[in-house]
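One letter stands for each residue in the lines below.
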Amino acid sequence: MSLRLPPVPFHHRSAAQSTTAAKPQTSSSSRSFLKFSLRNCSSGTDAHTSRKLVMKVKEKLEKDYYSLPTGKNGRDDEELILWFLKDRRFSVDEAISKLTKAIKWRQDFRVSEITEESVRKVAATGKSYLHDSLDVNGRPVLIVDPSKHIPEMFEQAEDERLCVFLLEKALSRLPEGKEEILGIFDLRGFSLKNSDLKFLTFLFDVLYYYYPSRLGQVLFVEAPFVFQPIWQLAKPLVKSYASLVRFCSADDVRKEYFTESTLPESFRH
């Protein structure tokens, strides 16, 4: 999996930590919705209003899109519905339009069938992986080493499956109260033979349409001069994600994003 892009300073937000108080027993669905609602107070929509909008979307999906799957990441997944409502600034119609496309895409792409074994061969290149530790802001970290990506080595479909597998894995590791992941592209050793705009387009389309607002920040580390023209070509493809990009040094990564014990091995030298 590979990406390439340059500098746009980004000031990341720190999520406020919620205190836990004793509360009456509720269903797992209600508990997950409540936690998710509380994390979205900054949107300006209170939990009660959010709940009403989620139920409205849920009812419309059941009526007009009955054939869509149910369960986790399905049309009745309240946490998923709320996430898409938040992404669409609580517009019911826009959320339904984007959410139904995302659910259909998950079906067509067979996301639930992608396993570690099915992507093992591509993952063995080491070009992309999920770091074992969180960053200092409590975010799961996806690391990409574009210098290990040779576009002709694998079918693009294999690279795409690895990409989606890692996104799913990263999101499954989100701590309570956290909503975003950090992407690090280690551009040391990058050359033109590693560039792959076709895959880049796939990656940002997936993030924009099917995993909206899940990427909190993107670090492009030690970008070489040859990367500049590629960035100019890539900018129109990455849409609003360009504002999340920060060009930085390996030393910035060491000092600002990890502790000594959580620093990725590739940044220890």
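Scope of this entry: the structure provided in the associated data block. (Residues numbered from 1 in each chain as written. Predicted model: local features only at pLDDT ≥ 70, side-chain atom pairs only at ≥ 80, totals over all residues. Heavy atoms only, no water.)

Things to note about the sheet that holds strand β1 (residues 128–130)
And step 1. With mixed pairing, the five strands of this open sheet are ordered in space as β1-β2-β3-β4-β5. Edge positions in the sheet fall to β1 and β5 (245–248), since each of these pairs with one other strand and no more. Across the sheet, the mean angle from the axis of one strand to that of its neighbour is 20°, orientation sign disregarded.
And step 2. Direction of pairing for β1 relative to strand β2 (residues 141–144): antiparallel, over a ladder of three bridges. (Pairing = 2+ DSSP bridges. Helix = DSSP H or I, 4+ residues; strand = E, 2+ residues; numbered from the N terminus. Axes fitted to C-alpha atoms, helices over the stretch in contact; angles between N-to-C directions.)

Examining the packing of aromatic side chains
And step 1. Considering all chains together, one arrives at 14 aromatic pairs under this definition.
And step 2. With 5.7 Å between their ring centres and 55° between their planes, Phe-204 and Tyr-241 make a pair best called tilted. A residue pair is termed long-range when its members are at least 10 positions apart, and Phe-204 in helix α7 (residues 197–209) and Tyr-241 in the loop between α8 (227–238) and β5 qualify at 37 residues. No difference in accessibility class separates Phe-204 from Tyr-241, as the two residues are buried.
And step 3. Of the aromatic side chains, those joined through ring pairs into one cluster are Trp-105, Phe-109, Phe-199, Phe-202, Tyr-208, Tyr-209, Tyr-210 and Tyr-211.
And step 4. Residue placement shows Lys-98 over the ring face of Tyr-208; its charged tip is 4.5 Å from the ring centre. (Phe/Tyr/Trp six-rings, centres within 6.5 Å; stacked < 30°, edge-to-face > 60°. Buried < 20%, exposed > 50% of the residue type's maximum accessible area, 1.4 Å probe, protein only. Lys NZ or Arg CZ within 6 Å of the ring centre and 35° of its normal.)

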